[in-house]
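# Fold and geometry: a report
Next come the chains, spelled out residue by residue.
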Amino acid sequence: MIATPPVPALLPTYAPYPFPLARGEGDRVFDVQGQAWWDFYGGHCVCATGHSHPKVVRAIADQAASLLFYSAAAALPVRDQAAASITAFSNMDSVFFCNSGAEANENALKLTLLLTGRKRLAAFEGGWHGRTLLALSVTDDPKITEPFADQLTPCLRLPFGDLDALAAADFSDVAGVILEPIQSMAGIKTASRDWFRALRAKCDATGALLIFDEIQTGMGRLGTPFAAQFYGVRPDITTSAKGLASGVPMGALLMTAAVASRLKGGDLGSTFGGGPLACAALLATVDVISHEGLMPNAMAAAVRLRLELKGSVVTEVMGEGLLLGLRSAHSAALKKHLLAKHILLGGSGDPTVLRLMPPLNVSAEALTALISAVHAFQPESK
Ligand SMILES: Cc1ncc(COP(=O)(O)O)c(C=O)c1O
């Protein structure tokens, strides 16, 4: 008999940083030895309002002390306020709250199948939407999708941002089309406003429902509340998570009145979704993003990085606001160099692209640290 090997108590998922973290403050995190690190990674693009923003912390603490949890079996003023706040912020009409990005996308895709009666989905090359089965069906990442190939829903996959391919595609039996308005994992890929308009028009003409997966692009990250406002196109459904409640787990399906009015009670549901703690965190998050200049700061940071990284090993800055990709032929060595300078940032599916997704209130000091560290980098064969 083969002995079962010993396993760690915590199942490994990602390769973590080589130091455990103790706390965070604004745009920095501190390791257990008290050393500071500039955080341009934001815990997977989550920490939109910065680490432990005092207003968010206070809202969570106050809510925890008064009512930690009650499900949708009870109406809660804080949930109604959160719904009013996020629908106004996103310019959508109605919201269903859940707990994560994958759950939001799973429900959004399921709704398109339910509402259209069609059996096929559409998505884009390089798209990444989560690890549940419908979300996997539209995700273009063979290493996580292939083991489930037989269980996935058929998906038409088109090149992202390609007007000709869009014009030629047949959407007549497509229930829903999902996209990240800026493809993040794929290496910060953008598309033109013309392409977004053409996609909206094609969905209108064919009856396919348009879903914007704004799990990374939403909550002020591009300098507008959601990418829908940035690109000037209103989807039928927007999904949100990550920065939505500053790190308290929360997902949302934001929808137009045309979609919401066709749903009946029981079509969607969740025990934890819309819990008071997450709703209080969401309210504080929208307040901080709207009233502390985080969106203008995101835009200004992008302008500064584009300008001041010129002449460095970074040959192109892609993306918008604070969802940026730094292209460099030396990206792996650059990432290592930046880590040595106590700067955290992310890789991507493109080996030449590093990703920046810091808190939206990233400071001038943090940007200076990043810019000078990049300029100080000496690749062996530049
Ligand atoms: C664009 C996008 N969609 C969906 C997801 C899935 O979100 P979650 O990990 O909260 O399930 C992610 C996570 O990285 C994401 O980046």
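These numbers were taken from a predicted model, which means no experiment stands behind them.

For the ligand, the set of nearby residues contains 14 residues, the closest of which are Ser100, Gly101, Ala102, Gly130 and Ile215. In terms of residue class, the shell around the ligand is made up of 4 nonpolar, 8 polar and 2 charged.

Looking at the assigned domains, one finds that the protein chain contains domain 1 (21–52 + 293–376) and domain 2 (54–291). Centre-to-centre separation of domain 1 and domain 2, based on C-alpha positions: 25 Å. With 27 residues of domain 1 at the contact, the number on the domain 2 side is 26 residues. At the level of elements, helix 1 (42–45), helix 12 (294–308), strand 11 (316–320), strand 12 (323–327) and strand 14 (353–356) are the ones that each hand at least two residues to the side of domain 1 that touches domain 2. The dominant element in the side of domain 1 that touches domain 2, judged by the number of residues it contributes, is helix 12, at 4 residues.

This paragraph deals with the pairing of strand 8 (residues 209–213). Burial analysis of strand 8 places 5 of its 5 residues in the buried class, the great majority of the element. With burial as the criterion, each face of strand 8 is covered, one bearing Leu209, Ile211 and Asp213 and the other bearing Leu210 and Phe212. Sheet analysis places strand 7 (residues 174–179) next to strand 8, joined by 4 bridges and oriented parallel. Each bridged residue has a counterpart across the sheet, and for Leu179 the counterpart in strand 8 is Phe212. Taking the sense of rotation as the criterion, the β-α-β connection linking strand 7, helix 8 (residues 193–206) and strand 8 turns out right-handed. Note that strand 8 and strand 9 (residues 237–240) share 3 bridges and pair parallel. Among the inter-strand pairings, Phe212 is bridged to a residue of strand 9, identified as Thr238.

Here helix 3 (residues 77–90) contains 14 residues, and its C-alpha end-to-end distance of 20 Å stays within 8% of the 20 Å for a straight helix at 1.5 Å per residue. Val78, Arg79, Ala82, Ile86, Phe89 and Ser90 are the residues of helix 3 that are buried. Projected down its long axis, helix 3 carries its buried residues within an arc of 100 degrees, all on one side. In this structure, helix 3 carries Pro77, Asp80, Ala84 and Ala88 as exposed residues pointing more than 90 degrees from its buried face. In this structure, the buried residues of helix 3 make contact with helix 2 (54–66), strand 4 (94–98), strand 9, strand 10 (251–255) and helix 11 (276–291).

This brings us to the nonpolar core. Counting residues in each nonpolar core, the largest one holds 113 residues, and the members touching the most others are Ala281, Leu282 and Leu322. Residue contributions to this core peak at 11 residues, all from helix 11. For this core, the domains that each give at least three residues are domain 1 (21–52 + 293–376) and domain 2 (54–291). Among all residues touching Ala281, those that are not within four sequence positions of it are Val56, Ala59, Ile60, Ala245, Ser246 and Val248.

What follows covers the sheet that holds strand 12. Within the open sheet, the 3 strands sit side by side as 11-12-14. Their pairing is antiparallel. Each edge of the open sheet carries a strand with a single partner, namely strand 11 and strand 14. In this sheet, neighbouring strand axes are inclined to one another by 20 degrees on average, regardless of whether the strands run parallel or antiparallel. With 4 bridges joining them, strand 12 and strand 14 adopt antiparallel strand pairing. Of the residues in strand 14, the one forming a bridge with Arg327 is Val353.

Not every positive phi belongs to a glycine, and Asn91 is a case in point at roughly 60 degrees. Topologically, Asn91 is positioned in the loop between helix 3 and strand 4. Accessibility expressed as a C-beta count within 10 Å gives 15 for Asn91, which makes it partly exposed. In this structure, Ser246 takes a positive phi of about 60 degrees despite not being glycine. One can find Ser246 in the loop between strand 9 and strand 10.

Thresholds, definitions, all that
Here, residues in each chain are numbered from 1, in the same order as that chain's written sequence. Reporting of local features is limited, given that this is a predicted model, to residues whose pLDDT is at least 70; pairs of side-chain atoms are given and counted only at 80 or more, and all residues count toward the totals for whole chains, interfaces and linings. Near residues are defined by distance alone, with the backbone-placed C-beta atom required to lie within 6 Å of the molecule or strand. Under the scheme applied, nonpolar residues are Ala, Val, Leu, Ile, Met, Phe, Trp, Tyr, Cys and Pro; charged residues are Asp, Glu, Lys and Arg; polar residues are all the others, including Gly. Source of the domain bounds: an automatic or database domain assignment. Contact between two residues is assigned when their C-beta atoms, built from the backbone, lie within 7 Å. For the purposes of this entry, the term helix denotes a DSSP run of H or I that reaches at least four residues, the term strand denotes a run of E that reaches at least two, and both are numbered from the N terminus. Partly exposed residues are those whose C-beta has more than 12 but fewer than 20 other C-beta atoms within 10 Å; 20 or more makes a residue buried and 12 or fewer makes it exposed, with C-beta atoms placed from the backbone. Strands are labelled as partners when DSSP assigns at least two bridges between them. Here the term right-handed applies to a crossover when the path leading from its first strand over the helix to its second strand runs clockwise, the strands being oriented away from the viewer. Here, expected helix span is obtained from the residue count minus one, scaled by 1.5 Å. Arc definition: directions from the helix axis to the C-beta atoms. Any set of buried Ala, Val, Leu, Ile, Met, Phe, Trp, Tyr and Cys residues joined through C-beta atoms within 7 Å is what this text calls a nonpolar core. Note on geometry: axes are lines fitted to C-alpha atoms, helical ones only across the stretch in contact, with angles between N-to-C directions running from 0 to 180 degrees.

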